[in-house]
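Observations on chain architecture
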Amino acid sequence: MTRVLFVCPHNADRSPAAQAFFERRGGEARSAGPDPAVELLPVVVDALAEIGVDLSGRRPARLSAADVEWADVVVTMDCACPVIPGRTYLDWRIADPVGLCLEEARELCSAIEQRVAGLPL
């Protein structure tokens, strides 16, 4: 089974959403960020809750080299992370959702879900 690490700057929106979608597919995932926020972005939490994805127990986590070592695939969104040989790296250009309304957050989450669906389990 493929282990995927999702990384965005504050681990407050895109990367936790991607992690949740990958886990919902039955995969093993983590998410983290180099500069973690205090809490998840509420508009993303609300958009995901509408489709049955519960992020209420999750908190932003700091990216570590151990996370990258654990992963087979590392997906970055608007940030960099340590490069360790033998990992597959993907860079997804997904807009930062800060300042989005709920409808825009729904669209963003849908785009993330579609990309996650293309990853191998």
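Note that the structure is predicted; figures quoted are calculated from it, not measured.

1. Some remarks on the overall build of the protein chain
- In terms of regular secondary structure, the protein chain is built from four helices and four strands.
- N-terminal to C-terminal, the α/β element order of the protein chain is β-α-β-α-α-β-β-α.
- On C-alpha atoms alone, the protein chain measures out to a radius of gyration of 13 Å, which is about the 14 Å that the 2.2 N^0.38 rule sets for 121 residues.
- Across its three principal directions, the C-alpha atoms of the protein chain cover 40 × 25 × 25 Å.
- Put simply, of all contacts in the protein chain between residues at least 6 apart along the chain, 69% involve residues at least 24 apart.
- Here the protein chain displays about 5,900 Å² of accessible surface, and carbon together with sulfur accounts for 51% of that area.
- With 12 positive and 18 negative side-chain charges, the protein chain shows a separation of 5 Å between the mean positions of the two kinds.

What counts and how
- Residues numbered from 1 in each chain as written.
- Predicted model: local features only at pLDDT ≥ 70, side-chain atom pairs only at ≥ 80, totals over all residues.
- Heavy atoms only, no water.
- Helix = DSSP H or I, 4+ residues; strand = E, 2+ residues; numbered from the N terminus.
- Rg over C-alpha atoms; globule rule 2.2 N^0.38 Å.
- Contact = heavy atoms within 4.5 Å.
- Areas by Shrake-Rupley, 256 points an atom, 1.4 Å probe, with all protein chains shown as cover.
- Lys, Arg positive; Asp, Glu negative; His and termini not counted.
- Charge placed at Lys NZ, Arg CZ, Asp CG, Glu CD.

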